[in-house]
Amino acid sequence: FGFAQEKFDHVAAENFQKTINSEYADAKTSPLLPEDLKTFQTLDFYPINEKYAVVAKFVKAKKEKPFEMKTSTARKPMYIKYGTVYFSIDGVDLQLNVYRNIDLSKKEEYKDHLFLPFSDLTSGKETYIGGRYIDLKIPKGNTIVIDFNQAYNPYCAYNHKYSCPIVPLENDLNVAIEAGVKKFHD
């Protein structure tokens, strides 16, 4: 594949952890309940692990129709399947669909934003039962770097007032992704 030039960016994963922790610690941007915010120190992360940063083959979807993404509430935002990513972890071939939020994609700052929701064998054990999300940018070519060290929980994991997309069944991985944010409360 010739992916060797793509080095694992440890700093990006560390910055992700710092940024999300500072967002959650700040009352203005935190999804936490007030009583949780009072005692909040840091989210619980898996140790950053290079094995969970993969260079995936990206195949853009053709002729997809917008659909209503189910959420944890009655809200049904419109998404479109933007493509499929193919990669392997520990020799296991995996694939996930990536989506684009139609309303968000009309905003300048989100015009190249892609949404990767997934669940895996850690979901409901070490990680949030509802799965986790990764934010991506539309790739220029036919590969995309997916760093599961930057997987985060939906806001619903912290506070029921939020409406969060439910991970589509086709994005349930039959492996344990021991990377990113763990669940908040046991």
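Residues numbered from 1 in each chain as written. Predicted model: local features only at pLDDT ≥ 70, side-chain atom pairs only at ≥ 80, totals over all residues. Heavy atoms only, no water.

(A) Up close: the side chain of threonine 71. Mapped onto the elements, threonine 71 comes out in the loop between β2 (67-68) and β3 (78-89). Note on threonine 71: relative accessible area 7%, which makes it buried. A polar atom in the side chain of threonine 71 sits 3.2 Å from the side chain of serine 163. With residues near it in sequence (within four places) discarded, threonine 71 still touches Pro77, Ser163, Cys164, Pro165 and Ile166. (Helix = DSSP H or I, 4+ residues; strand = E, 2+ residues; numbered from the N terminus. Buried < 20%, exposed > 50% of the residue type's maximum accessible area, 1.4 Å probe, protein only. Polar contact = N/O pair within 3.5 Å; in protein donor to acceptor, adjacent residues only side chain to side chain. Contact = heavy atoms within 4.5 Å.)

(B) Just the nonpolar core, in detail. Core analysis: the largest hydrophobic core is formed by 24 residues, its most contacted members being Val85, Phe87, Ile146, Phe148 and Ile177. Looking at this core, the elements that each hand over two or more residues are β1 (53-60), β3, β4 (92-101), β5 (113-118), β6 (132-137) and β7 (143-147). Aside from chain neighbours lying at most four places away, what touches phenylalanine 148 is Tyr52, Val54, Phe87, Ile89, Leu96, Phe118, Ile134, Ile177, Ala179 and Gly180. Counting 18 residues, the second-largest nonpolar core is a separate cluster that includes Phe45, Tyr99, Tyr152 and Cys164. (Core = buried A, V, L, I, M, F, W, Y, C linked by side-chain atoms within 4.5 Å.)

(C) Just the state of the cysteines, in detail. Within the structure shown, the criterion is met by one disulfide. The disulfide partner of cysteine 156 is cysteine 164, and the S-S distance across this bridge is 2.1 Å. Taking the torsion about the sulfur-sulfur bond, which here is approximately 110°, the covalent link between cysteine 156 and cysteine 164 counts as right-handed. Like cysteine 156, the residue cysteine 164 is buried in the burial classification. (Disulfide = S-S within 2.5 Å.)

(D) Molecular detail of the pairing of β1. Judged from the five bridges that link them, β1 and β7 form a sheet pairing that is antiparallel. Looking at the pairing, alanine 53 lines up with aspartate 147 of β7. (Pairing = 2+ DSSP bridges.)

(E) Just the environment of isoleucine 146, in detail. Position of isoleucine 146 relative to the elements: it lies in strand β7. A residue is classified by how much of its surface remains accessible, and isoleucine 146, at 0% relative accessible area, is buried. The spatial distance from the C-alpha of isoleucine 146 to the C-alpha of threonine 19 is 18 Å, given a sequence separation of 127 residues. When residues no more than four places from it in sequence are discounted, the contact partners of isoleucine 146 are Tyr52, Ala53, Val54, Ala56, Val85, Phe87, Leu116, Ile134 and Leu136.

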